[in-house]
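Residues per chain, in single letters:
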Amino acid sequence: MGDSTGAMGGATTLSGKVDSELACPVSPVVDIVFSRWTTPILWTLNEFGRQRFVQLQRNIRTITPKVLTQRLRQMERDGLVVRTYHPEVPPRVEYEISELGRSLAPIFAHLAEWSTENLRKVERARREFDEADEQMPAPR
């Protein structure tokens, strides 16, 4: 008697509650890699190579300096980005994707392929849903 595992790897504890990490073992990865700004930062560093903070911010455009700083620190902590400090005058700091971060490239490639093949289908499904929703009578 212990944990039970379902067809997709889900697990319940003895109390019958679902352990979220066991129910979906990719949840921690999704939290790390697919947060709002992590993906564009990794993509940009992978595409353009080592960059200074200002270059990275220009390439991403819509990110604020505060958020970029926070995300870069977290990504450095997670081992996805390498920060190199050059003790010059003025000091220079560069960021680059780490080998661990680069190992995500196949996942991004698969997602880009999926996007190319399926985003139109998602948009069509949304339109159909919204149109059907508009035709439903409002609840009283």
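Here, the structure is the one placed above.
Below you will find a few notes about this structure. Along every chain, residues carry numbers that run from 1 in the direction the sequence is written. pLDDT decides what is reported in this predicted model: residues at 70 or higher carry local features, side-chain atom pairs at 80 or more are listed and counted, and totals for whole chains, interfaces and linings draw on all residues regardless. The side-chain quantities take in all heavy atoms of the structure and omit both hydrogens and water.

1. Re the overall build of the protein chain
Defined as follows: Starting at the N terminus, helices and strands are each numbered in turn, a helix being any DSSP run of H or I of at least four residues and a strand any DSSP run of E of at least two. Three exposure classes are used, based on accessible area relative to the maximum for each residue type with a 1.4 Å probe and protein chains only: buried under 20%, partly exposed in between, and exposed over 50%. Whether two residues are in contact is decided by their heavy atoms: any pair within 4.5 Å suffices. Every accessible area reported is derived by Shrake-Rupley at a probe size of 1.4 Å, with residue values counting cover from the shown protein chains alone.
Looking only at helices and strands, the protein chain features seven helices and five strands. Of all 140 residues assigned to the protein chain, the portion counted as buried reaches 19%. Considering only residue pairs separated by 6 or more positions, the protein chain has 36% of its internal contacts joining residues 24 or more positions apart. Entry remark: accessible area of the protein chain is about 10700 Å², with carbon and sulfur atoms responsible for 55%.

2. Concerning the pairing of strand β5 (residues 92-97)
Basically, it comes down to this: Any two strands between which DSSP finds at least two bridges are classified as paired.
Here strand β3 (residues 51-52) pairs with β5 via two bridges, running antiparallel. Residue Gln 51 lies in a different strand from β5, and its bridge partner there is Tyr 95. Looking at chain direction, strand β4 (residues 81-86) and β5 are connected through six bridges and run antiparallel. Bridge pairing links Thr 84 to Glu 94 in β5. In this antiparallel pair of consecutive strands, β4 and β5, the connection spans five residues.

3. Brief notes about the nonpolar core
Soluble globular proteins tend to bury their nonpolar side chains together. To keep it simple, the criterion reads: In these notes, a set of buried Ala, Val, Leu, Ile, Met, Phe, Trp, Tyr and Cys residues joined through side-chain atoms within 4.5 Å is what counts as a nonpolar core.
With 18 residues, the main nonpolar core has Ile 41, Leu 42, Leu 45, Leu 56, Leu 72 and Val 81 as its most contacted residues. Elements that contribute at least two residues to this core include exactly α3 (38-48), α4 (53-60), α5 (65-78) and β5. Beyond its immediate sequence surroundings of up to four residues, Leu 72 is in contact with Ile 41, Phe 53, Leu 56, Val 81 and Tyr 95.

4. Some remarks on the sheet that holds β4
What the three strands build is an open sheet, ordered β3-β5-β4; its pairing is antiparallel. Looking at the sheet topology across the chains shown, the edges are occupied by β3 and β4.

5. Section: a negative patch on the surface
To keep things clear, this is the line we draw: Surface patches are defined over residues having more than 30% relative accessible area and no salt bridge, joining like charges when they lie within 9 Å and nonpolar side chains (Val, Leu, Ile, Met, Phe, Trp, Tyr) when within 5 Å. Salt bridge criterion: a side-chain nitrogen from Lys or Arg within 4 Å of a carboxyl oxygen from Asp or Glu. A residue counts as positive if it is Lys or Arg and as negative if it is Asp or Glu; His and the chain ends are not included. Charged side chains are reduced to one point each, which is NZ for Lys, CZ for Arg, CG for Asp and CD for Glu.
A cluster of acidic side chains, namely Glu 128, Asp 130, Glu 131, Asp 133 and Glu 134, defines a negative patch on the protein surface. Residue position: Asp 133 is located in helix α7 (residues 105-135).

6. Some words on the side chain of Thr 44
Which entries qualify depends on this criterion: Whenever two N or O atoms come within 3.5 Å, that pair is a polar contact, provided that in protein one can donate a hydrogen and the other can accept it, and provided that, for residues adjacent in sequence, both atoms are side-chain atoms.
In this structure, Thr 44 sits in helix α3. The class of Thr 44 is buried, set by a relative accessible area of 7%. Of note is the side chain of Thr 44, whose polar atom sits 2.7 Å from the backbone oxygen of Pro 40. For Thr 44, the contacting residues outside a window of four places in its chain are Gly 49, Gln 51, Leu 56, Asn 59 and Ile 60.

7. What to know about unusual backbone geometry
Only a minority of non-glycine residues have a phi that is not negative, and only a minority of peptide bonds are not trans. The linkage connecting Val 89 with the following residue, Pro 90, adopts the cis geometry, with an omega of -5°. With respect to the helices, strands and loops of the structure, Pro 90 is situated in the loop between β4 and β5. Although it is not a glycine, Arg 61 sits at a positive phi angle of roughly 70°. The topology assignment puts Arg 61 in the loop between α4 and α5. A relative accessible area of 71% means that Arg 61 is categorised as exposed.

8. A closer look at the environment of Val 33
Within the secondary structure, Val 33 sits in helix α2 (residues 27-33). Note on Val 33: relative accessible area 4%, which makes it buried. Through-space distance from the C-alpha of Val 33 to that of Gly 101 is 9.0 Å; in sequence the pair is 68 residues apart. In this structure, Val 33 is in contact with Thr 38, Thr 39, Leu 104 and Phe 108, ignoring residues within four places of it in sequence.

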